[in-house]
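Working through the structure, step by step
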Amino acid sequence: LEVFASEHAILEAAQMQKKEKLTAQTLFAAVREGDTIAQKTVGKALDYLAIAVVNVAELFNPELIVLGGNIVQGGDFVIQHLSKRFEELDFDFLNREIKLKFSKLGIYAGPLGAANFALGKAFEPSTLR
């Protein structure tokens, strides 16, 4: 999944297609503005993400799937593309009552989660001796 749907992979594919240097912010701004090359590139990565999400949901049957990181900058395009792909994969989120949402932490979800984990470990009673 990291090879096909990570931020690095998406940016690399988009830069090859558009023949210009991009950041996550500029790429997802282009997606929101309707740039077809940007949407096609991000859409391809979302196809892989959809397959991964469906597999995880089949295994664990969660009530909620939260997306975080730079992918949230894609906004409605991301949710709509994933929802469409779920339908094509014959996976019905609504009948399973699984919600798909963006993290309220947005692009900072990963770093803040890692920091929270590190702080929690640093202040565990066993490490304070």
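Everything below is about the structure printed above this text.
Residues numbered from 1 in each chain as written. Predicted model: local features only at pLDDT ≥ 70, side-chain atom pairs only at ≥ 80, totals over all residues. Heavy atoms only, no water.

Counting residues in hydrophobic clusters, the biggest one holds 30 residues, and the most contacted among them are Leu27, Val42, Leu46, Leu67, Ile71, Leu82 and Phe86. For this core, the secondary structure elements donating two or more residues are α2 (7-18), α3 (24-32), α4 (36-60), β1 (64-67) and α5 (76-88). Looking at which element gives the most residues to this core, the answer is α4, with 9 residues. (Core = buried A, V, L, I, M, F, W, Y, C linked by side-chain atoms within 4.5 Å. Buried < 20%, exposed > 50% of the residue type's maximum accessible area, 1.4 Å probe, protein only. Helix = DSSP H or I, 4+ residues; strand = E, 2+ residues; numbered from the N terminus.)

What follows is about the packing of aromatic side chains. For any pair of aromatic rings, the description rests on two quantities: the centre-to-centre distance and the angle between the ring planes. Applying the stated criterion across every chain, the model contains 1 aromatic pair. Between the aromatic rings of phenylalanine 4 and tyrosine 48, the centroid separation amounts to 4.5 Å while the plane-to-plane angle is 20 degrees, which identifies the pairing as stacked. Highlighted residues: phenylalanine 4 in helix α1 (residues 2-5) and tyrosine 48 in helix α4, separated in sequence by 44 residues. Judged by relative accessible area, tyrosine 48 falls into the partly exposed class, the value being 32%. (Phe/Tyr/Trp six-rings, centres within 6.5 Å; stacked < 30°, edge-to-face > 60°.)

Of note, lysine 19 is a non-glycine position whose phi angle comes to about 55 degrees, a positive value. Along the chain, lysine 19 turns up in the loop between α2 and α3. Owing to a relative accessible area of 71%, lysine 19 belongs among the exposed residues under this scheme.

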